[in-house]
Amino acid sequence: MDFALNDDQRAIQDAARQFAEAELAPHSAEWDETKHFPVDVMRQAAEMGFCGIYTGEEHGGMALGRVEAALIFEELSRGDVSTAAFISIHNMATWMIDKFGSDDLRARYVPRLVSMELIASYCLTEPGSGSDAAGLRTTARLDGDHWVLNGSKAFISGAGTSDVYVVMARTGQDGPKGISTFVVEKDAPGLSFGAQEKKMGWNSQPTAIVAFDDCRIPAANLLGKEGDGFRYAMMGLDGGRLNIAACSLGGARLALEAAQAYVTTRKQFSKPLSDFQNVQFKLADMATQLEAARLLVLRGAWAMDTRHPEATKWCAMAKRFATDACFQIADEALQLHGGYGYLKDYPLERIVRDLRVHRILEGTNEIMRVITAREMLRQ
């Protein structure tokens, strides 16, 4: 058992760290305040390969593993959690098209997605089906050489700005076997978007309803086989859960670093806060939780890379543990700052707001427990 990164992994990690420190961190507070979607900066990330991390090389992806993806997303999120999280969603949608699409679809979309000439969104959640994803009601019916979609998707990152939407819709029976996946372009007739949601965090990316009203797309835009869409969506989410867990690591790491620096300089009762044993214990627990979360994320990534039969369980465990632990670390870091932590002059309140949603999206942490228990009881 070797816990050391190899030379290539260290180089990738260093490149992501340098990019985050130069291009993300200096603007994070401003993007949050102004709700700016930094497409230009994300395209710079694409030039480094960060928008096609585990997409195949044939159409310009880096063809890296999930371990490398976890390393990259931890570093990017240390610069800005919200923007890193959107890049992770774009990676998931791009990988799905590359993995399951026809040769024509792959050639048409993937090169422009890995360069981020085109921006991608993932559309599964609906106003009436969140955790019960297989109960989705958006429909698609074949009409000659077109599919016609009706319904809506909720909480879609990139909605209204993204160029390509990977959409799960019902083409057959109730339940997961009646769901198919489609690629829908922004200018498709019958596609529209709701007002931008007013969110607690993740303010550097737009979020809105995506609506389909007799939305017509070419029949060739069916991704893979009819009826296999739910399986594709879940395979995408295994990796997506690791990505969002890794984004939690970066935010928590920044919070812990800030707290450690603060308690060594802030004095109360004529001595630094770091001299108090209860503060030392708190820092020790935060560091231990962060390291444990990172190891579990890397274990899940290793399971995906090796196609381990229990990969889905490990990904769910990693997402549940890391997002819970990292949110608590950020909250404790804010507490150590006292009233200053509540001010926007410091990064803590922004990190707390951004990390909170990680316990909800890509499957709530309650659903992660359901998945973990289900996989355990199958054995």
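This text gives an overview of the structure that appears in the document. Small disclaimer: the values here were computed from a predicted structure and weren't measured.

Bridge count between strand E3 (residues 146–157) and strand E7 (residues 207–218): nine bridges; the pairing is antiparallel. Paired with Lys-153 across the strands is Val-210, a residue of E7. Pairing of strand E6 (residues 191–193) with E7 involves three bridges; the strand directions are antiparallel. Within the sheet, the bridge partner assigned to Ser-192 lies in E7 and is Ala-211.

Enumeration over the complete set of coordinates arrives at ten aromatic pairs. Ring geometry for Tyr-165 against Phe-193: centres 5.5 Å apart, planes inclined by 40 degrees, an arrangement best described as tilted. Of this pair, Tyr-165 sits in strand E4 (residues 164–170) while Phe-193 sits in strand E6, and the two are 28 residues apart along the sequence. Assessed through its relative accessible area of 0%, Tyr-165 is described here as buried. By relative accessible area, which is 28% here, Phe-193 ends up partly exposed.

Mapped onto the elements of the fold, Glu-74 is located in helix H4 (residues 66–79). Of note is the side chain of Glu-74, whose polar atom sits 2.9 Å from the side chain of Arg-253. If sequence neighbours within four positions are ignored, Glu-74 has contacts with Ala-246, Leu-249, Gly-250, Arg-253 and Arg-294.

Time to look at helix H7 (residues 229–265). Given a rise of 1.5 Å per residue, 37 residues ought to cover 54 Å, and the 54 Å separating the end C-alpha atoms of H7 matches this to within 8%. Its axis deflected by about 25 degrees at Asp-238, H7 carries its strongest bend there.

Attention now goes to the environment of Met-286. Residue placement: Met-286 occurs in helix H8 (residues 277–305). A relative accessible area of 3% places Met-286 in the buried class. In the structure, Met-286 is positioned 77 residues away from Ile-209 in sequence and 37 Å away in space, judged by C-alpha atoms. Not counting residues up to four positions away in its chain, the partners in contact with Met-286 are Leu-256, Ala-259, Ile-329, Glu-332, Ala-333 and Leu-336.

The next thing to look at is the pattern of salt bridges. Following the criterion strictly, the structure yields 29 salt bridges and no others. A salt bridge links Asp-143 to Arg-216, with the nearest nitrogen and oxygen atoms 3.0 Å apart. Taken together, the residues span a long stretch of sequence, with Asp-143 in strand E2 (residues 139–143) and Arg-216 in strand E7 at a distance of 73 residues. For Arg-216, a relative accessible area of 32% translates into the label partly exposed. The closest approach of N and O atoms between Asp-324 and Arg-320, which form a salt bridge, is 3.0 Å. Within this pair, Asp-324 and its partner Arg-320 are both found in helix H9 (residues 311–336), separated by four residues, close to a single helical turn. Judged by its relative accessible area of 13%, Asp-324 is buried. Since its relative accessible area comes to 24%, Arg-320 is described here as partly exposed. Members of the salt-bridge network, linked through shared partners, are Asp-14, Arg-17, Glu-21, Glu-74, Glu-75, Arg-78, Arg-253, Glu-257, Glu-291 and Arg-294.

What follows covers helix H1 (residues 7–24). The end-to-end C-alpha separation of H1 is 25 Å, in line with the 26 Å expected for 18 residues at 1.5 Å each. On its buried face, H1 sits against helix H2 (28–34), helix H3 (39–47), H4 and helix H5 (81–100). Its side-chain oxygen placed 3.1 Å from the backbone nitrogen of Asp-8, Asn-6 serves as the N-cap of H1.

The next subject is the nonpolar core. Among the nonpolar cores identified, the biggest contains 99 residues, and Leu-76, Met-96, Ile-97 and Tyr-122 are the most heavily contacted of them. At 16 residues, the largest contribution of residues to this core is made by H7. Excluding anything up to four places from it in sequence, Leu-76 contacts Ala-16, Phe-19, Ala-20, Leu-24, Phe-50, Ala-84 and Ile-87. Counting residues in hydrophobic clusters, the runner-up holds 19 residues, among them Cys-123, Val-184, Ile-217 and Leu-222.

In this section: the packing of H7 against H8. Between two packed helices, the angle of one axis relative to the other and the distance separating the axes together describe the packing. One way to put it is that H7 packs onto H8 with a least axis distance of 10 Å and a crossing angle of 160 degrees. Our classification of the angle between H7 and H8 gives roughly antiparallel. In this structure, the crossing between H7 and H8 has a hand that is left-handed. Where H7 approaches H8, its residues Asp-238, Gly-239, Leu-242, Ala-245, Ala-246, Leu-249, Ala-252, Arg-253, Leu-256, Ala-259, Gln-260 and Val-263 are matched on the opposing element by Val-279, Leu-283, Met-286, Ala-287, Leu-290, Ala-293, Arg-294, Val-297, Gly-300, Ala-301 and Met-304. Per-class residue counts for the contact of H7 with H8 are 17 nonpolar, three polar and three charged.

Analysis parameters
- Residues numbered from 1 in each chain as written.
- Predicted model: local features only at pLDDT ≥ 70, side-chain atom pairs only at ≥ 80, totals over all residues.
- Heavy atoms only, no water.
- Pairing = 2+ DSSP bridges.
- Helix = DSSP H or I, 4+ residues; strand = E, 2+ residues; numbered from the N terminus.
- Phe/Tyr/Trp six-rings, centres within 6.5 Å; stacked < 30°, edge-to-face > 60°.
- Buried < 20%, exposed > 50% of the residue type's maximum accessible area, 1.4 Å probe, protein only.
- Polar contact = N/O pair within 3.5 Å; in protein donor to acceptor, adjacent residues only side chain to side chain.
- Contact = heavy atoms within 4.5 Å.
- Expected span 1.5 Å × (residues − 1).
- Bend = angle between axes of the 7 residues up to and from the residue.
- Salt bridge = Lys/Arg side-chain N within 4 Å of Asp/Glu carboxyl O.
- Core = buried A, V, L, I, M, F, W, Y, C linked by side-chain atoms within 4.5 Å.
- Axes fitted to C-alpha atoms, helices over the stretch in contact; angles between N-to-C directions.
- Parallel < 35°, antiparallel > 145°, perpendicular 65-115°, else oblique.
- Left-handed = near helix turned anticlockwise from the far one by under 90°.
- Nonpolar A, V, L, I, M, F, W, Y, C, P; charged D, E, K, R; others polar.

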